[in-house]
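Breakdown of the fold
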Amino acid sequence: MIQIAKPLIGKEEKEAVQRVMDSGIIAQGPKVKEFEEKFAEYIGVKHAVAVTSGTTALHIALLAEGISPGDDVITTPFTFIASSNAILYCGARPVFADIGEDYNIDPAEIEGRITPRTKAILPVHLYGQPADMKGIMELAEKHGLKVVEDACQAHGAEYDGKRVGSFSTGCFSFYPTKNMTTSEGGMVTTDDKGVYERLNLLRSHGMPVRYHHDILGFNFRMTDIAAAIGIEQLRKLEGFNEARIRNARLLSKGLSQVKCIITPKEYKNRRHVFHQYTIRLDGFRLGRDELIKNLNDRGIGSMIYYPIPVHKQKLYLDLGYKDTLPLTEKYSSEVLSLPVHPSVTESDVEKIVQAFKELE
Ligand SMILES: *Cc1c(COP(=O)(O)O)cnc(C)c1O
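To start, this report covers the structure provided alongside it. (Residues numbered from 1 in each chain as written. Predicted model: local features only at pLDDT ≥ 70, side-chain atom pairs only at ≥ 80, totals over all residues. Heavy atoms only, no water.)

1. Comments concerning the packing of helix α3 (residues 54–64) against helix α4 (residues 82–89)
Packed helices, taken two at a time, are described by the angle their axes make and the gap between the axes. Stated precisely, the cut-off is as follows: Working convention: axes come from line fits to C-alpha atoms, limited for helices to the stretch in contact. Angles between N-to-C directions cover 0 to 180 degrees. Put simply, DSSP H or I for four residues or longer makes a helix, DSSP E for two residues or longer makes a strand, and each gets a number counted from the N terminus. When an angle is under 35 degrees it counts as roughly parallel; over 145 it counts as roughly antiparallel; between 65 and 115 it counts as roughly perpendicular; any other value is oblique. Note on convention: near helix rotated counterclockwise from far helix by under a right angle means a left-handed crossing. Clockwise means right-handed. Only heavy atoms enter the contact rule, under which two residues are in contact if any of them lie within 4.5 Å. The nonpolar class holds Ala, Val, Leu, Ile, Met, Phe, Trp, Tyr, Cys and Pro. Asp, Glu, Lys and Arg form the charged class, and all remaining residues, Gly among them, are polar.
It is at 9 Å that the axes of α3 and α4 come closest, and there the two elements cross at 40°. Regarding the angle of α3 to α4, the classification is oblique. Two packed elements cross with a definite hand, and for α3 against α4 that hand is right-handed. Of the residues in α4, those touching α3 at T55, L58, H59 and L62 are A82, S83, A86, I87 and Y89. Classifying every residue of the contact of α3 with α4 by side-chain character gives six nonpolar, three polar and no charged.

If you want it as structure tokens, here you go:
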């Protein structure tokens with residue numbers, strides 16, 4: 001079976017974990033600090049704060065940017081639920097804007113939704129494809145809005161030669177299926193010293209000094225065990241990303257010969273790191289569920305990310321959301337992700353392409 005996702009844990013990670021276990025410091029300690037410094041350097045920012053997940057990264061990033069009850073945050077409905085739930089955790093309201101052909105929030109859809117309540121824009125770099133950061137940063141500047149980037153699928157992706165997560169305050173996940181892992185884990189990146197200081201307080205019970213509590217914080221601390229895995233994974237990340245890009249280009253080359261399949265776009269000024277390789281079915285002979293079953297019968301894993309847009313989820317319908325967002329709704333009914341991770345081999349790619357040729 002060619003799996004849709006597969007973490008790559010080697011002996012380096014195992015030995016690093018063993019050393020942390022032997023050191024006796026297993027909660028947040030020197031390894032977390034080292035991981036933060038190395039990750040900040042990789043992204044190209046001054047500061048990074050390690051946390052327990054991508055979800056908690058988004059939560060405290062929004063709080064550190066000052067998002068509070070009564071605020072609106074404009075975001076994409078075509079994402080994993082955590083992107084907009086983090087806005088709800090702050091007592092603020094997600095406002096959904098439709099997406100473009102890159103599957104990311106379309107700047108042209110944002111401006112008409114800006115009101116005096118709007119405090120921030122939360123773009124997601126979905127599938128590892130950077131959002132249109134030029135358009136988004138121009139709007140933010142023009143209207144005095146904060147930007148929090150959900151880069152949970154985009155470690156190492158670039159826009160105009162700049163890594164995502166460095167345009168403003170960035171959030172990353174290290175869940176096992178992501179481009180790099182720490183088991184569970186997350187990171188916030190920023191150049192802003194004030195945001196950095198608030199992130200530190202929010203992560204650990206609002207404590208500037210032990211047992212002095214200045215603000216309402218949380219326990220979102222990463223362990224040194226997780227950080228030790230992260231340091232080794234970060235060393236391998238560029239190799240992983242290059243393998244993903246190579247596999248994606250081979251898939252696109254093969255699938256370009258198959259009728260009624262739309263392959264993912266690569267833009268000249270953006271580096272797509274293919275967290276997912278996602279095609280769209282445009283009148284394909286088989287329906288999507290039938291195609292998934294046929295691929296599965298041939299030993300090929302596939303997955304729909306995401307079958308229900310956020311504004312159509314029960315939670316959001318119950319909150320009163322009634323949006324109609326045409327491209328989001330169209331694309332979520334057509335997309336299918338295929339295996340692209342670093343363990344996928346050239347012969348796996350051939351097998352996938354061959355399956356489509358037989359099924360078209
Ligand atoms: C994975 C993911 C998250 C959440 O990260 P966790 O580590 O699972 O909490 C948030 N946003 C997006 C787009 C993701 O893919």
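Structure shown, so let's carry the discussion forward.
2. Quick word on the pairing of strand β8 (residues 169–173)
What counts, and what does not: Classification of residues uses two cut-offs on accessible area relative to the type maximum, computed with a 1.4 Å probe and protein chains only: under 20% is buried, over 50% is exposed, and between them is partly exposed. Paired strands, as defined in this entry, are two strands with at least two bridges between them according to DSSP.
Counted residue by residue, β8 has five buried out of five residues, so it is predominantly covered. Burial along β8 is two-sided: T169, C171 and S173 and G170 and F172, pointing in opposite directions, are all buried. Bridging between strand β5 (residues 146–150) and β8 involves three bridges; their strand directions are parallel. Pairing of E149 across the sheet is with G170, part of β8.

3. A short note on the environment of A227
On the secondary structure map, A227 appears in helix α8 (residues 224–255). Non-local contacts of A227, meaning those with residues more than four positions away in its chain, are made with K31, V32, F35 and M222.

4. As for the packing of aromatic side chains
Heads up, the condition is: Aromatic rings from Phe, Tyr and Trp, taking only the six-membered ring of Trp, are treated as a pair when their centres fall within 6.5 Å; an angle between ring planes under 30 degrees marks them as stacked, one over 60 as edge-to-face, and anything in between as tilted. By definition, being over a ring means that NZ of Lys or CZ of Arg is both within 6 Å of the ring centre and within 35 degrees of the ring normal.
On inspection of all chains with the given rule, the structure shows 18 aromatic pairs. Geometrically, the ring pair formed by F284 and F356 is edge-to-face, given 6.0 Å between the ring centres and 65° between the ring planes. With F284 in the loop between β12 (277–281) and α9 (288–297) and F356 in helix α12 (residues 346–359), this pair connects stretches of sequence that are 72 residues apart. For F356, a relative accessible area of 0% gives the class buried. A network of ring pairs unites the aromatic residues F35, F39, Y42, F172 and F174 as a single cluster. Of note, K162 hangs over the ring of F167, and the distance from its end group to the ring centre comes to 5.0 Å.

5. Observations regarding the pattern of salt bridges
Applicable threshold: Salt-bridge detection follows one rule: a side-chain nitrogen of Lys or Arg within 4 Å of a carboxyl oxygen of Asp or Glu.
Applying the stated criterion across every chain, the model contains 28 salt bridges. Here D102 and R270 are joined by a salt bridge, their closest N and O atoms 2.8 Å apart. Within this pair, whereas D102 is found in the loop between β3 (93–96) and α5 (107–110), its partner R270 is found in strand β11 (residues 270–271), the two being separated by 168 residues in sequence. Summarising the burial analysis for this pair, D102 and R270 share the class buried. With a shortest N-O distance of 2.8 Å, R271 and E238 are connected by a salt bridge. Here the residue R271 occupies a position in strand β11, and E238 occupies one in helix α8, the gap between them amounting to 33 residues. The exposure class of R271 is buried, given its relative accessible area of 15%.

6. As for the site of the ligand
Selection rule: The rule for a residue being near a molecule or strand is that one of its heavy atoms must lie within 4 Å of it. Here a polar contact is taken to be a pair of N or O atoms separated by no more than 3.5 Å, where protein atoms must pair a possible hydrogen donor with a possible acceptor and residues adjacent in sequence count only if both atoms sit in side chains. Residue exposure ignores everything except the shown protein chains as possible cover, and the areas themselves are Shrake-Rupley values with a 1.4 Å probe.
In the neighbourhood of the ligand, 15 residues make up the surrounding shell, with G54, T55, D150, S173 and K178 lying closest. Within the contact set of the ligand, an oxygen atom lies 2.5 Å away from a side-chain nitrogen or oxygen of T55. Within the contact set of the ligand, an oxygen atom lies 2.7 Å away from a side-chain nitrogen or oxygen of K178. When the ligand sits alone it has 380 Å² of accessible area, and the protein chains cover 93% of it. If you list the elements that add at least two residues to the shell around the ligand, you get α3 and α4. With three residues, α3 is the single largest residue contributor to the shell around the ligand. For the shell around the ligand, the class distribution of residues is five nonpolar, eight polar and two charged.

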